[in-house]
Amino acid sequence: TLNQFIFYNSSNMAKKTEIIPEGVAMQLDKHFQELNENHRLIYEILALTGLRIKEVTLWKKDSLMPSKTSSEYMLLSYTPHKTLNSRKQTGSYTKLEVAISLDLANKVDDQIRKTEKIRLLTNLPYILYGNVTKKQSERFSMVQESGFVDAANRLIKEHQLCVSEGILWRYTSRQSGNTLAVTFVVTGT
């Protein structure tokens, strides 16, 4: 029975992640070009695929593949970190793929090429990096979820992107999987 288990942080799981209101999402789409290059790419991928941010920030250089069935899109391989342990235990694939447009695939490919030198210097396979400081151009850090969320919320504040009650929307990284467009794509509607 469940009485033998202790559940920590269960109060954090009681509230479902809110879907980004369509009006806020449309306004974010208008202004996301103001984000830095890494954050723009992350935003587009999150908005169009519903992937989790960790699945995006830990892409490796071999993440982009041609589709075997169509030349109209490419496949983006990713590791579903949230379910990785259970997938390993059941013998399921630990890599999944999502279809992306050729335009978006070109942006990912550009990022792969731009970070080739960094991958050689760091001996790491990832494609999303940022400089630690402008002065230390040979030091790099992984793009962090918190940095992306902070940048998105600064954009929301700067452009006063509010819900209908006039309250500024607060972006969280978990909201990208909960958009109307992603729901349509996932369900095939």
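To keep things clear, this report deals only with the structure shown in the data block. In this text, all values refer to a predicted model and were calculated from it rather than measured experimentally.

Read from one edge to the other, the open sheet built from three strands follows the order β1-β2-β3, with strand pairing classed as antiparallel. One side of each edge strand has no neighbouring strand; the edge strands of this open sheet are β1 (64-66) and β3 (96-101). Neighbour to neighbour, the strand axes of the sheet diverge by 35° on average, direction disregarded. Taken strand by strand, helix α5 (residues 102-114) contacts β1, β2 (73-78) and β3, and its axis lies near 110° from that of β3.

Glancing now at the pattern of salt bridges. Within the structure shown, the criterion is met by seven salt bridges. For Asp103, the salt bridge goes to Lys107, with nearest N and O atoms at 3.7 Å. On the criterion of helical spacing, the pair formed by Asp103 and Lys107 is a turn pair, its members being four residues apart in helix α5. Its relative accessible area of 48% is what places Asp103 among the partly exposed residues. The shortest N-O distance in the salt bridge between Glu116 and Arg119 comes to 2.6 Å. In this pair, Glu116 and Arg119 are both assigned in helix α6 (residues 116-122), three residues apart and thus about one turn of the helix distant.

This part takes up the side chain of Thr49. Looking at the secondary structure, you find Thr49 in helix α2 (residues 37-49). A distance of 2.5 Å separates the side chain of Thr49 from the backbone oxygen of Ile45, its partner in a polar contact. A polar side-chain atom of Thr49 sits 3.2 Å from the main-chain amide nitrogen of Leu51.

About the criteria used
Residues numbered from 1 in each chain as written. Predicted model: local features only at pLDDT ≥ 70, side-chain atom pairs only at ≥ 80, totals over all residues. Heavy atoms only, no water. Pairing = 2+ DSSP bridges. Helix = DSSP H or I, 4+ residues; strand = E, 2+ residues; numbered from the N terminus. Axes fitted to C-alpha atoms, helices over the stretch in contact; angles between N-to-C directions. Contact = heavy atoms within 4.5 Å. Salt bridge = Lys/Arg side-chain N within 4 Å of Asp/Glu carboxyl O. Buried < 20%, exposed > 50% of the residue type's maximum accessible area, 1.4 Å probe, protein only. Polar contact = N/O pair within 3.5 Å; in protein donor to acceptor, adjacent residues only side chain to side chain.

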